[in-house]
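Structural overview
What follows is each chain in one-letter form.
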Amino acid sequence: MARKFLYLVAALIVLTLAAAFAYRLWSDELMVAAFVPDTEFVAPAPHTPADYGDQRLWHVHGKDNALPLPDGAAPAPPRPAARQAAIFFVHPTSFIDRSAWNASDDDAKAVADAQGYIAMQANVFAGLGPLWAPRYRQATFGAFLTDRPEADRAIDAAYGDVAAAFDAFLAANPEGPIILAGHSQGSRHLMRLLAEKVAGKPVARRIVAAYLVGWPVSMTADLPALGLPVCVAPAQAGCVLSWQSFAPPADPAAIRRAYDAGKGLTGRPRRDTPMLCTSPVGGVMPASGYPGIARRDEMTGRQILVRPGVGARCDAEGFLMLDAAPDLGPFVLPGNNYHIYDYALFWETIRADATRRLDAFLTR
């Protein structure tokens, strides 16, 4: 009996090693097979700014940002309306289904997961002003793993919703400071939004900061089209921040391959161009590292603020490399990519950073 058990254990070890070896060799192919839709692209009927007058097309519709803070985080001091910013937040991909290229407005799981992301990312801006977080018929995860033309159409359709929502947001907020923030797919749409609806227009003077987190930005093929400079100082306003988090031993090759394959918003190829990487304070990392990580408690589902935080620095390729690999949960991606945790890793730092930039904007 003992011998049979040992044979079983040995077989399981061999299968595990074989699976790991296969994933290492064919990870891209396996991801494509698992997530890229094999269905025809069906364009969703475009949403208009008028459609976004309906609160049902918003996850959060201009309400004071009362999202729950992590346990251990101090409540933000109250701000008078004249010292608030309107926050436009575009959530990351929460639609993983390969049965369609775009999520529908009423996909219950995608909506619930998006709301979970918003609750644990956009809460860094709690206390700074009303939050606006649109629903949009996001491109499915697999659309970002292929160069099929259907993928571009799906991403364009998702952007169309975000652009319409932004027009409705501006109509509801005709003056005053604006913070733009997103993650992953949301940041990709914000980049295009900056290029098409902000750069060179009067609204550009209202931007406190644009947090384009979790999506690669080319310094030469993208940044010139955004109309805003890079944030290089902690109290600078009207600028852009972007980072992608990896822990040692890091392997960002998959991100780099996708980056090199595309064209930037200027129309220039991104290949061999420098990638934008700011620290979450838009300058030199504090000597003591970043103060607080928002870690999700798997038992309660709540966030807990963990101190001390983690150190990080931008490497030569433009990736934000952590000093250590904190245990934040099971969703670290291949290559030690902490993509899911880009906000959580620096929660307390981003909160202080946004507050400081808004104060600097108001003083200016």
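The preceding data block contains the structure.
Before going into details, it helps to say that this report is about the structure given with it. Bear in mind that the values here come from a model prediction, so they are computed numbers and not experimental data.

Structural notes on the overall build of the protein
Tallying secondary structure elements over the protein gives seven helices and eleven strands in all. Counting all 364 residues of the protein, 48% fall into the buried class. If you take every contact in the protein between residues at least 6 apart in sequence, the share linking residues at least 24 apart comes to 79%. Approximately 16900 Å² of the protein is accessible, and the part contributed by carbon and sulfur atoms is 61%.

So, the packing of aromatic side chains
According to the stated counting rule, one finds 13 aromatic pairs in the structure shown. With 5.8 Å between their ring centres and 80 degrees between their planes, W132 and F169 make a pair best called edge-to-face. Here the residue W132 occupies a position in strand β3 (residues 130–134), and F169 occupies one in helix α3 (residues 149–172), the gap between them amounting to 37 residues. Pair check on accessibility: W132 and F169 agree, each one buried. Three or more aromatic residues joined by ring pairs form one cluster here, namely Y52, W58, F88, W132, F166 and F169.

What about the pattern of salt bridges?
Under the criterion given, the structure shown has 18 salt bridges. A salt bridge links D113 to K109; the shortest N-O distance between them is 2.6 Å. Of this pair, D113 and K109 both sit in helix α2 (residues 108–121), four residues apart, roughly one helical turn. Note that D323 is salt-bridged to R313, the shortest N-O span being 2.5 Å. Of this pair, D323 sits in the loop between β11 (320–322) and α7 (347–363) while R313 is found in strand β10 (residues 312–314), placing the two residues ten residues apart along the sequence.

Details of the nonpolar core
The biggest cluster of nonpolar side chains holds 47 residues, and the ones touching the most others in it are F125, Y211, Y343 and F346. Those elements that provide at least two residues to this core are β2 (86–90), β3, β4 (178–183), β5 (207–213), β6 (239–241), β8 (293–296), β11 and α7. Among the elements that take part in this core, α7 stands out by supplying five residues, more than any other. If you look at the next biggest cluster of nonpolar residues, it comprises 37 residues, including L193, L194, V230 and V240.

Some thoughts on the state of the cysteines
Summed over the entire model, instances satisfying the criterion amount to two disulfides. Across a sulfur-sulfur distance of 2.0 Å, C231 and C239 are joined as a disulfide pair. Between C231 and C239, the S-S dihedral sits near 95 degrees, and the bridge is therefore right-handed. Assessed through its relative accessible area of 0%, C239 is described here as buried. Covalently, C277 is tied to C314 through a disulfide, its sulfur atoms 2.1 Å apart. Disulfide C277 to C314: torsion about the S-S bond roughly -80 degrees, handedness left-handed. Within this pair, whereas C277 is found in the loop between α6 (253–261) and β8, its partner C314 is found in strand β10, the two being separated by 37 residues in sequence. By relative accessible area, which is 18% here, C277 ends up buried. The disulfide pattern of the protein is 1-2, 3-4 when the bonded cysteines are numbered in sequence order.

Quick word on the sheet that holds β5
Working definition: the strands of a sheet are paired by backbone hydrogen bonds and lie parallel or antiparallel to each other. Pairing within the open sheet is mixed, and its six strands lie in the order β1-β3-β2-β4-β5-β6. Each edge of the open sheet carries a strand with a single partner, namely β1 (58–64) and β6. If you compare each strand with its neighbour and ignore which way they point, the axes differ by 15 degrees on average. Pairing of β5 with β6, which is carried by three bridges, proceeds in the parallel orientation. Looking across to β6, one finds that Y211 is bridged to L241. In this fold α2 packs onto β1, β2, β3 and β4, with an angle of close to 30 degrees to the strand it touches most, β1. Here α3 sits on the sheet in contact with β1, β2, β3 and β4, set at roughly 170 degrees to β2.

What counts and what doesn't
Residues numbered from 1 in each chain as written. Predicted model: local features only at pLDDT ≥ 70, side-chain atom pairs only at ≥ 80, totals over all residues. Heavy atoms only, no water. Helix = DSSP H or I, 4+ residues; strand = E, 2+ residues; numbered from the N terminus. Buried < 20%, exposed > 50% of the residue type's maximum accessible area, 1.4 Å probe, protein only. Contact = heavy atoms within 4.5 Å. Areas by Shrake-Rupley, 256 points an atom, 1.4 Å probe, with all protein chains shown as cover. Phe/Tyr/Trp six-rings, centres within 6.5 Å; stacked < 30°, edge-to-face > 60°. Salt bridge = Lys/Arg side-chain N within 4 Å of Asp/Glu carboxyl O. Core = buried A, V, L, I, M, F, W, Y, C linked by side-chain atoms within 4.5 Å. Disulfide = S-S within 2.5 Å. Pairing = 2+ DSSP bridges. Axes fitted to C-alpha atoms, helices over the stretch in contact; angles between N-to-C directions.

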